[in-house]
Amino acid sequence: MIRLFKSVLYGRLPIVIDRESLASRVEKVQQQIAQACARAGRDPTEVTLLPVSKTFDAEAIREMTALGFRRFGENRLQEIAQKAPELSDCDIQWVVIGHVQTNKAKEVAKYAAELQSLDRMALAEALDKRLAPLNRTLKVLIQVKTSPEDTKSGLDPSDLIPFLKEISKFPTLRVEGLMTMAILSDDENAVRQCFKQLRECRDQALAAGIEGISLNRLSMGMSGDMALAIEEGSTEVRVGTAIFGKR
Ligand SMILES: *Cc1c(COP(=O)(O)O)cnc(C)c1O
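Just so it is clear, the structure is predicted and the values come from calculations on it, not from any experiment. (Residues numbered from 1 in each chain as written. Predicted model: local features only at pLDDT ≥ 70, side-chain atom pairs only at ≥ 80, totals over all residues. Heavy atoms only, no water.)

Caption draft 1: Expanded view of the overall build of the protein chain. A tally of regular secondary structure across the protein chain gives nine helices and 10 strands. Relative to the compact-globule value of 18 Å for 247 residues, the protein chain shows a C-alpha radius of gyration of 18 Å, a close match. Counting only C-alpha atoms and orienting by the principal axes, one finds that the protein chain spans roughly 55 × 45 × 30 Å. The burial tally for the protein chain puts 50% of its 247 residues in the buried class. Taking the contacts inside the protein chain whose residues are at least 6 apart along the sequence as the reference set, 60% of them involve residues at least 24 apart. Averaging the positions of the 35 positive and the 34 negative side-chain charges in the protein chain gives two centres separated by 4 Å. (Helix = DSSP H or I, 4+ residues; strand = E, 2+ residues; numbered from the N terminus. Rg over C-alpha atoms; globule rule 2.2 N^0.38 Å. Buried < 20%, exposed > 50% of the residue type's maximum accessible area, 1.4 Å probe, protein only. Contact = heavy atoms within 4.5 Å. Lys, Arg positive; Asp, Glu negative; His and termini not counted. Charge placed at Lys NZ, Arg CZ, Asp CG, Glu CD.)

Caption draft 2: Representation of the confidence of the model for the protein chain. When pLDDT is averaged along the protein chain, the result is 93; 92% of the residues meet or exceed 70. This stretch, residues 1–14, has a pLDDT under 50; its non-local contacts, to residues over four places away or in other chains, come to 37 contacts. (pLDDT = per-residue confidence, 0-100.)

Caption draft 3: Broad picture of the packing of aromatic side chains. Applying the stated criterion across every chain yields a total of one aromatic pair. Measuring from centroid to centroid gives 5.3 Å for Phe56 and Phe244, while their planes differ by 20 degrees, and the two rings are stacked. Placement of Phe56 in the loop between strand S3 (48–51) and helix H2 (58–66) and of Phe244 in helix H9 (residues 241–244) is noted, with a sequence separation of 188 residues between them. (Phe/Tyr/Trp six-rings, centres within 6.5 Å; stacked < 30°, edge-to-face > 60°.)

Caption draft 4: How the structure looks around the UniProt feature "domain: Alanine racemase N-terminal" (unreviewed entry) in the protein chain. Annotation from UniProt places "domain: Alanine racemase N-terminal" (unreviewed entry) at residues 29–246. Across residues 29–246, helical content stands at 40% and strand content at 18%; the span's end C-alpha atoms are separated by 15 Å. (UniProt positions renumbered as here; feature names shortened; annotations may be inferred.)

Caption draft 5: View of the site of the ligand. Near the ligand, the surroundings consist of Val52, Lys54, Asn75, Ile97, Met181, Met222, Ser223, Arg238, Val239, Gly240, Thr241 and Arg247. In this structure, Gly240 approaches the ligand through a main-chain N or O atom, which is 2.8 Å from an oxygen atom. Isolated, the ligand exposes 390 Å² of accessible area, and the fraction of that covered by the protein chains is 92%. Considering only residue class, the shell around the ligand consists of five nonpolar, four polar and three charged. (Near = heavy atom within 4 Å. Polar contact = N/O pair within 3.5 Å; in protein donor to acceptor, adjacent residues only side chain to side chain. Areas by Shrake-Rupley, 256 points an atom, 1.4 Å probe, with all protein chains shown as cover. Nonpolar A, V, L, I, M, F, W, Y, C, P; charged D, E, K, R; others polar.)

Caption draft 6: Quick peek at the environment of Thr55. Here Thr55 shows up in the loop between S3 and H2. On the basis of relative accessibility, which here comes to 7%, the residue Thr55 falls in the buried class. For the pair Thr55 and Glu79, spaced 24 residues apart in the sequence, the C-alpha separation amounts to 7.9 Å.

Caption draft 7: Representation of a positive patch on the surface within the structure. A surface patch of like charges, here positive, comprises Lys106, Lys110, Lys129 and Arg130. Elements that contribute at least two residues to the positive patch include exactly helix H4 (105–111) and helix H5 (121–134). Counting through the fold element by element, Lys110 comes out in helix H4. (Patch = residues over 30% accessible without salt bridge, like charges linked within 9 Å, V, L, I, M, F, W, Y side chains within 5 Å. Salt bridge = Lys/Arg side-chain N within 4 Å of Asp/Glu carboxyl O.)

Caption draft 8: Structural view of the UniProt feature "modified residue: N6-(pyridoxal phosphate)lysine" (unreviewed entry) in the protein chain. Within this numbering scheme, the UniProt entry marks Lys54 as carrying the feature "modified residue: N6-(pyridoxal phosphate)lysine" (unreviewed entry). Position of Lys54 relative to the elements: it lies in the loop between S3 and H2. Overall, the relative accessible area of 19% leaves Lys54 in the buried class. Ignoring sequence-local partners within four residues, the contact set of Lys54 consists of Gly73, Glu74, Asn75, Glu79, Lys83 and Arg247.

Structural data, given as structure tokens:
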């Protein structure tokens, strides 16, 4: 058995994962995705699985690359900076999904292939400034706040269209869609409402016909609510716990 230890970044107790359980958890998640697609009459190839590796160490990520994954969701730049050198042979595309402070734009430009949590113009400007000298572009999703919880960040839905119009002036940022986190609740309807709202935001923005941006992608759904998200049109689920275990 290959023993993989949870990252010691937070000084918590390590947990053990072996290759087989990682593969079987991934398979279980893929079955859940397929079942939700079947219920919604959707083609499962329309839904991408983004493993969220935050708090798990480079070895766990390396094991996932053996299962064919290259993109990994992380929410702290510091954690990516720590893991990236250990995985430099793995051709990994780091996807930033957490709140980014404006003073971390340089690290995003250095490490990230994609940012799913763009939620304000100051960050867009800072990113553009850092990306331009590197001669590179960054895929971005705009995070929209669909839940009333204070802990959730994101753009207010009513600000989305003006924001998209303004952001199209940055050639370094390639807008590909929207992202949201649903309310944390046992009330299925309340959760579904968040996902539905993101889809409606996308439809309204499309109807506004803004040039230079694409809104094909809707990143929504996590371990606990991915089935609902898929039923509401998700094209990408961000799954941590159901693959790597409890954090
Ligand atoms: C941690 C995290 C996830 C994954 O959550 P799980 O419940 O562990 O699947 C998804 N999206 C964001 C933005 C996260 O921070």
